[in-house]
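So the chains spell out like this:
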Amino acid sequence: MSGLASPATAGPSQQMLRDPSLASFQGRTIDLSKSWEGARVCAVLSRTEVRCYASNEEASADLAPRSTPTNTGRGGGPISTLAWHGCDNDWLCIYEHADFGGRKLQFNEEYWHDLDEWGFVDQTSSWVNNQGGSWTGCSGSDSGTLGDGAGDNRTMTDCTASANLGSYNDRAEDIHG
Ligand SMILES: [Ca+2]
Ligand SMILES: [Ca+2]
Ligand SMILES: [Ca+2]
């Protein structure tokens, strides 16, 4: 009988791979799976850190300076913070509405995210992949993918955008950065 007392091991490792539904917003912690509480932009920085903002301007001010703290000889130009349809450089953005409207979620890391964690299942209506750009153009090396949970995926090539997902509107359940 004592041989049956081995502990379960599957649970913890699966939990660790879940995206966090908790995010920081205006000095407090919110649970995006329940409500965005007025946030308009949320950025997934890692598996353990999500930050939300009340506007694009607030998001850009917090996120962009990471790469341009000072004028360090890269020409001093603004290219590293150029936004496209409201999506900052080096990010993949999905939007609640067509034409890049409504709430925005942004990613860049190379793994699958479960949109359910952030209250965004079946809501994506447009997207921008502003990754892969450089001084000389687009590298073409950082596409993203939308998944519907049933094997029907859509590739989002870097340096491209879609203002209207057509038949795929409000169907995405997962995203890969
Ligand atoms: Ca990426
Ligand atoms: Ca929508
Ligand atoms: Ca990618």
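Along each chain, the written sequence defines residue order, and numbers are assigned to residues from 1. To label them, take the chains in the order written and letter them from A, then take the ligands in the order written and number them from 1. Given that the model is predicted, a residue must reach a pLDDT of at least 70 before its local features are reported, and side-chain atom pairs must reach 80 or more before they are shown or counted; all residues, however, enter totals for whole chains, interfaces and linings. Note that water and hydrogens are dropped before the side-chain values are worked out from all heavy atoms of the structure.

Colleague: In this structure, what is going on with the nonpolar core? I would like to understand it.
Modeller: Formed by 24 residues in total, the largest nonpolar core has its most connected members in Leu32, Ile94, Leu105, Leu115 and Leu146. Those elements that provide at least two residues to this core are strand E1 (22-25), strand E3 (41-44), strand E4 (50-53), strand E7 (92-97) and strand E8 (101-107). Residue contacts are counted whenever heavy atoms from the two residues lie within 4.5 Å of one another. Excluding residues within four positions of it along the chain, Leu115 makes contact with Ile94, Leu105, Phe107, Phe120, Val121, Thr124, Ala172, Glu173, Asp174 and Ile175. We define the nonpolar core as a collection of buried residues of types Ala, Val, Leu, Ile, Met, Phe, Trp, Tyr and Cys that are connected through side-chain atoms lying within 4.5 Å of one another. Only protein chains enter the area calculation, which uses a 1.4 Å probe; residues under 20% of their type maximum are buried, those over 50% are exposed, and those in between are partly exposed. By size, the runner-up hydrophobic cluster in this structure holds 12 residues, among which are Ala43, Leu45, Cys93 and Tyr95. Strands are runs of DSSP state E lasting at least two residues, helices are runs of H or I lasting at least four, and both sets are numbered from the N terminus onward.

Colleague: Looking at this structure, I do not really get the side chain of Asp31. What am I missing?
Modeller: Among the structural elements, Asp31 can be located in strand E2 (residues 28-31). Residues in contact with Asp31, not counting those within four places in the same chain, are Ser21 and Leu22.

Colleague: Hey, could you run me through the coordination of the calcium ion (ligand 3) in this one?
Modeller: For a metal with four donors in a tetrahedral arrangement, the ideal angle between donors is 109.5 degrees, while six donors in an octahedron ideally sit at 90 or 180 degrees. Because water is not among the atoms used, a metal site may look incomplete, as its donors are only the N, O and S atoms within 2.8 Å, or 3.2 Å for Na, K and Ca. Surrounding the calcium ion (ligand 3) are the protein donor atoms Glu110 (OE), Glu110 (OE), Asp142 (OD), Ser143 (O) and Gly177 (O), which sit 2.2 to 3.1 Å from the metal. The distance between the calcium ion (ligand 3) and the calcium ion (ligand 1) is 3.6 Å, with Glu110 acting as a donor to both metals. Of this pair, Glu110 sits in the loop between E8 and strand E9 (112-114) while Asp142 sits in the loop between strand E12 (137-138) and strand E13 (144-147); the two residues are 32 residues apart in sequence, bridging distant segments of the chain. Asp142 gets classed as buried once you look at its relative accessible area, which sits at 18%.

Colleague: Hey, could you run me through the sheet that holds strand E10 (residues 126-129) in this one?
Modeller: Hydrogen bonding along the main chain pairs the strands of a sheet, whether they run parallel or antiparallel. Paired strands are those between which DSSP finds at least two bridges. Taken in spatial order, the 8 strands make up an open sheet running E2-E1-E4-E3-E8-E7-E10-E15, and their pairing is mixed. Two strands bound the open sheet, and with one partner strand each, they are E2 and strand E15 (160-162). Here the average twist between neighbouring strands, direction ignored, is 25°. As judged from the 3 bridges shared by E3 and E8, these two strands associate in the parallel manner. Within E8, the residue paired with Val41 across the bridge is Lys104. Every angle, taken between N-to-C directions, lies between 0 and 180 degrees, and every axis is a line fitted to C-alpha atoms, over only the stretch in contact when it is a helix. Sitting on the sheet, helix H2 (residues 56-63) is in contact with E3, E4 and E8, with an inclination near 140° to E4.

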